[in-house]
Amino acid sequence: MNPIHCVKGFFRKPENVILVCLITILVYLILIPLFSIVNDTFRVHSSELMRIKGTVAGDFTTYHWKSIFAGKYSKNIFYQPLFNTLLISLITCFIAICTGGGFAWLVTRTDIRYKKVISSLFILPYIMPSWTLAMAWLNFFKNERVGAPGLFTVFTGIQIADWFSYGFFPITIVLGLHYAPFAYILIGGILRNMDANLEEAAQILKTGRWRIIRKITLPIVLPAMLSTVLLVFSSAMSAFAVPAFLGTPVRFQVLTTQLFRTLNGTSPGYGYLIALVMIVIGTIILLTNQMLIGKRKSFATVTGKSSNISLVRLKKFRTVLSLAVLLWLLLITIVPLISFAVQSFQISSGSFKADNFTTLFWLGEGRPDVLSGEPGILRNKYIYVGLWNSVRLSVLISLLAGTAGLLVGYSVVKKRGSRWANSLDRLSFFPYLLPSMAFGAIYLSMFAVRRGFIPSLYGSFAILVLIGTVKYLPFASRAGINAIFQLGKEIEEAAVIFGVSWWKRMVKIIIPIQRASVLSGFLLPFISSMRELSLFILLVTPSTRVLTTMLFQYNEKGWDQYANAIILFIVLVVVLLNAVVNKVTGASIDKGIGD
Amino acid sequence: MPEIRIENVTKKFGKFVAVENLTITIKDKWFVTLLGPSGCGKTTTLRMISGLESPTEGKIYIDDVLVFSAAEGIDLPPAKRDVGFLFQNYALWPHMTVSQNISFGLENLKWNRTDIDCRVQDLTELLKIDEFLGRYPAELSGGQQQRVAIARTLAPRPKVLFMDEPLSNLDAKLRMEMRAELKRLHRETNSTFVYVTHDQLEAMTLSSRICLMKEGRVQQYAAPLDIYNGPSNLFCAEFVGNPTMNFIEVACLQTEPGRISLTSDDLNFTFAPVSPQPKVTAGQNLVLGLRPESVLLSEKGSIHGTIYSALPSGMETTVMVKTGNSLLTSVVFGGQDFPVDGWTGVELNHDNYILFDKSSGENIATGTLTVALREGGV
């Protein structure tokens, strides 16, 4: 066969066309920016001319590498934040796995009460922006270092030590709780699907309860736990808002806060290098994860009569434990929201006198004596601009990422096992491991100037859409791959036999059948970008501000009431939307656990 | 000696009654099969005896020890009942090698290492899996996994062995082989086996007693051939035996000692009981049950029919004959084929035809049949 026919034949199949297009686009949007950032670590930037004497902007230099890794200030700029980051990520993992895994065990393996309520409440911290809990922590536990004391001191009169209010301790607690639902979903899924007979077989062979957990249950969920550890680790590493809120008052620095400082300040070269280090760590984690999964012992769960799971009877602890769990969950989900609501009505936070309550921050026209005369958020046009930007951005990102994810799923499953499909699979997952802030830095460096057919995008709305789409593609493509994979190829082939066109097959057959999975591919990017801060913070300009970056600015200025009102607003939008979509279609991010 | 007594056991899942008022005794060294269609409560029964499930009511004794009593609040955990359990999907631990899987139970019993190794060696040789000791379950075929599961169950020498459809995941050929081996194992281990299956052939060939269940109730508890020859009701008659028994709906015309006259759509029969004379009244609706091997094809046959289909397997041929409005199945031994739509006669000269009452389904008599052609009949 001659090569032209060969190529023509190849492109006659829609999955091949999609495959080639997607790979080309993703190489351009993911791989090339990586080279661009490496290049930037060796260049002199205009704001650095003062320090790197005798150069012009754009010259080759090893200055950044030397001063980050072996300079006089390396310890403060780099090594200490790196150490802080790694330690925080490690402890966060530990907290997330222990609470998430513990709850998953309680819900799937014991006769604890209120399983449904526990399950949906426990997911909330993950749906809410991670800094919700951080702000709640500040509301409750801040001390006089930053103005008015928190609620705890107001009510008890006890002064709180710095280590409890700010820095390492609260950061790990808050991040741990934020990622615990993630562990809960992953480990719970495994426990739920794990064949109960495996545990019963041990029971029959006279194995004690603890020995069963230690020798049978734990080793079998271990691979899932390791994956969870690695994913939580890389997420915790790239967290920005929580360390920024809780670390700044005591100058506790991690890599992301350093990245923000240096890129926003006068040393972008340092920033790019720090971003590169984070990307390398992320990549090592991905490789480790893949190595661990591909091991000899297959943990593929044989599906058995799992409906027969015999639950551990908590006996006399049942009611007490159920109530304790419920109370604790209310404490970390509903109570923070109430505190936001209450504080947004107080002129000076912490005082509960009647004359201290006001609707100023919601409805006021702005009083010159309070917070520079900023009008209340329901009358503030900047808030509406931010809200409109947030919604517009999230909708666009969700549509683009969701569609791309579905196409990735289609072509990867169709060409399963081929080298191209594997590359696309990996490429589409890669953005997951790029720390958000570092990814923002990459796009800043890449699209600050015209590149090929793409004009300079800095300051435009398009760059936000682009980065959000690429960053959330991993969620969407996982959902897409799942959807198409579960469907099996026969369903589509039956339509191919009848000569139904590709477009019709997708719209009339594949998408309707798998609408729940497909929709969750759209839902996840939407929710994620609604609450995203660190990805956008380097790229927004006053005209493209979104709610989250405004919140961050209000917070930096110390305008807690506005910040509280906005966060309440975002949480409500996200939670409501998740609930509505869940009700209407059955798609949801917490699907699959807790009856 | 381990004798299992189950007294008035009932199990409810919410409002659904899975097992109702079950009372059976399983004697020492028996091979008892719980047989029935899916959802009849057989697996639940097995899980209750082994302690994996707690009954709602009733008592269970194993080896004269009361292991469960709803009234007295006794519920011994499985570990204290000294039993072995073989799961349908084998439930091999994926993270342990074959030898770790087998020795796990012995370690729980605090055996010393040499004894464990010895036992593992013996069992794996017996079950012909000694070459796979270092492998993980995922690296074995279905039949090999099955053997590992058996070895693991047998290792602590349980006196009672429970098996939940252990052969249903194997292919037909392997299933045959494993059946033979299970029967040998039963002899060699000298223990009591309780076996769950929905495959009547498996139950027939393996067991010393079959407990046939339907919708949570015992239909018949007897030796396989007793059930085959004397099914207690229509359900048992239909469930056991392949091809299925032929059923002809008839009505009683008249009855006199040693003779019952019956009529179907197009045939008249005279039924002569070899069992005690049943109480039948004229006009009562009855069902005649004829095993396929007792329906003979012969030129002299008094019933005329045409061949509807013939399925020769080499060893025997299953023939369906159309007589009037009904289809009769017959089994002819030997490698014979029959031309479809060809003519044949049917003869009924055995003495094992069964008469069931139609409304209660009960078996009321066994006997011989004479067929009389009716005016205008076939």
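Here we summarise the structure given alongside this text. (Residues numbered from 1 in each chain as written. Chains lettered and ligands numbered in written order. Predicted model: local features only at pLDDT ≥ 70, side-chain atom pairs only at ≥ 80, totals over all residues. Heavy atoms only, no water.)

### Structural notes on the overall build of chain A
Our working rule: Secondary structure counts use DSSP, requiring at least four H or I residues in a row for a helix and at least two E residues in a row for a strand, with both numbered from the N terminus. For the radius of gyration, the atom set is restricted to C-alpha positions; the globular benchmark scales as 2.2 Å times the number of residues to the power 0.38. Working definition: with a 1.4 Å probe on protein chains only, accessible area under 20% of the residue-type maximum means buried, over 50% means exposed, and in between means partly exposed. Exposure was quantified through the Shrake-Rupley algorithm and a 1.4 Å probe, taking into account, for residues, occlusion by the shown protein chains and nothing else.
Tallying secondary structure elements over chain A gives 25 helices and zero strands in all. For chain A, whose C-alpha radius of gyration is 26 Å, the value lies close to the compact-globule estimate of 25 Å for 595 residues. A principal-axis box enclosing the C-alpha atoms of chain A has dimensions of 75 × 75 × 50 Å. Within chain A, the proportion of its 595 residues that are buried is 54%. Carbon and sulfur atoms form 67% of the exposed surface of chain A, whose accessible area is close to 26500 Å².

### Let's talk about the pattern of salt bridges
Note the following rule: The salt bridge definition used is simple: a Lys or Arg side-chain nitrogen within 4 Å of an Asp or Glu carboxyl oxygen.
On inspection of all chains with the given rule, the structure shows 26 salt bridges over all chains. The salt bridge partner of Glu492(A) is Lys414(A), with a shortest N-O separation of 2.9 Å. Here Glu492(A), found in helix 21 (residues 489-497), pairs with Lys414(A), found in helix 17 (residues 381-414); they are 78 residues apart in sequence, far enough to count as distant. Of the charged contacts in the structure, one is a salt bridge between Arg47(B) and Glu53(B), with a shortest N-O distance of 3.1 Å. By the burial criterion, Arg47(B) is buried, and Glu53(B) matches it. A single salt-bridge network, built from bridges that share partners, covers Arg211(A), Glu107(B), Arg113(B) and Asp117(B).

### As for the sheet that holds strand 19 (residues 326-333) of chain B
All names here are of chain B. Under the convention used in this document: Here, any two strands with at least 2 DSSP bridges between them count as paired.
Read across the open sheet, the five strands follow the order 16-20-17-18-19; overall the sheet is antiparallel. The strands lining the two open edges of the sheet, one partner per strand, are strand 16 (296-297) and strand 19. Note: strand 17 (residues 303-312) against strand 20 (residues 343-347), four bridges, orientation antiparallel. When the bridges of strand 20 are listed, histidine 304 appears paired with glycine 345.

### Section: the nonpolar core
We apply this condition: Among buried residues, the Ala, Val, Leu, Ile, Met, Phe, Trp, Tyr and Cys ones that are joined through side-chain atoms within 4.5 Å form a nonpolar core.
Ranked by internal contacts, the top residues of the largest apolar core, which has 167 residues, are Trp131(A), Tyr443(A) and Phe536(A). Grouped together as the second largest cluster of nonpolar side chains are 42 residues, Ile204(A), Ile6(B), Ile49(B) and Val194(B) included.

### Quick look at the sheet that holds strand 4 (residues 57-62) of chain B
Residue and element names in this part refer to chain B. Rule in force here: Contacts were defined at the residue level, with two residues in contact if any of their heavy atoms lie within 4.5 Å. Helix axes are fitted to C-alpha atoms over the stretch in contact, other axes to C-alpha atoms as well, and angles between N-to-C directions run from 0 to 180 degrees.
An order of 2-1-4-5-6 is seen for the five strands of this open sheet, with the pairing classed as antiparallel. Of all strands in the sheet, those with a lone pairing partner are strand 2 (16-26) and strand 6 (74-75), marking the two edges. Pairing of strand 1 (residues 4-13) with strand 2, which is carried by seven bridges, proceeds in the antiparallel orientation. Bridge pairing in strand 2 places isoleucine 4 opposite isoleucine 26. Contacting strand 1, strand 2 and strand 4, helix 1 (residues 42-50) runs over the sheet at an angle of about 120° to strand 1.

### A word on the packing of helix 2 (residues 98-108) of chain B against helix 4 (residues 142-154) of chain B
When two helices pack together, their arrangement is given by the angle between the helix axes and by the axis-to-axis distance. All names here are of chain B. This is how it is decided: Any angle between 65 and 115 degrees counts as roughly perpendicular, while under 35 counts as roughly parallel, over 145 as roughly antiparallel, and the rest as oblique. Helix crossings fall into two classes, left-handed where the near helix is turned counterclockwise from the far one by less than a right angle and right-handed where it is turned clockwise. Side-chain classes are defined by residue name, with Ala, Val, Leu, Ile, Met, Phe, Trp, Tyr, Cys and Pro counting as nonpolar, Asp, Glu, Lys and Arg as charged, and the others, Gly among them, as polar.
Closest axis-to-axis distance for the helix 2/helix 4 pair is 7 Å, and the angle between their directions is 25°. In terms of orientation, helix 2 lies roughly parallel with respect to helix 4. In the packing of helix 2 onto helix 4, the handedness of the crossing is right-handed. Residues Val98, Asn101 and Ile102 of helix 2 touch helix 4, and the partners they reach there are Val148, Ala151 and Arg152. Residues belonging to the contact of helix 2 with helix 4 are distributed by class as follows: four nonpolar, one polar and one charged.

### Some words on the environment of Thr61(A)
Residue and element names in this part refer to chain A. Tracing the chain through its elements places threonine 61 in the loop between helix 2 (14-40) and helix 3 (63-70). Sequence separation between threonine 61 and phenylalanine 42 is 19 residues, and the spatial gap between their C-alpha atoms is 5.1 Å. Once residues lying within four places of it in the same chain are set aside, the contact partners of threonine 61 are Thr41, Phe42, Arg43, Val44 and Ile52.

### What to know about the interface of chain B and chain A
What counts, and what does not: Summed over both partners, the accessible surface that disappears when two parts come together, traced with a 1.4 Å probe, is what is meant by buried area. Polar contacts here mean pairs of N or O atoms no more than 3.5 Å apart (in protein, one a potential hydrogen donor and the other a potential acceptor; neighbouring residues in sequence count only if both atoms are side-chain atoms).
Listed as interface residues are 33 residues of chain B and, on the opposing side, 27 residues of chain A. Between chain B and chain A, a total of about 2600 Å² is buried, with carbon and sulfur atoms accounting for 59% of that surface. The interface formed by chain B and chain A holds three salt bridges in total. Of the charged contacts, one joins Arg211(A) and Glu107(B) as a salt bridge, the two residues approaching to 3.6 Å between their closest N and O atoms. For the pair chain B and chain A, the interface holds nine residue pairs in polar contact (both at pLDDT 80 or more). Elements represented by at least two residues in the side of chain B that touches chain A include exactly helix 1, strand 7 (83-86) and helix 2 of chain B. Ranked by residue count, the leading element in the side of chain B that touches chain A is helix 2 of chain B, at four residues. For the side of chain B that touches chain A, a count of residues per class yields 16 nonpolar, 10 polar and seven charged.

### As for helix 24 (residues 547-557) of chain A
All names here are of chain A. Of all 11 residues in helix 24, eight are buried, a share of seventy percent or more. When we look at burial in helix 24, the residues that qualify are Leu547, Thr548, Thr549, Met550, Leu551, Phe552, Tyr554 and Asn555. Once helix 24 finishes, glycine 558 follows within two positions and takes phi at roughly 85°, a positive value.

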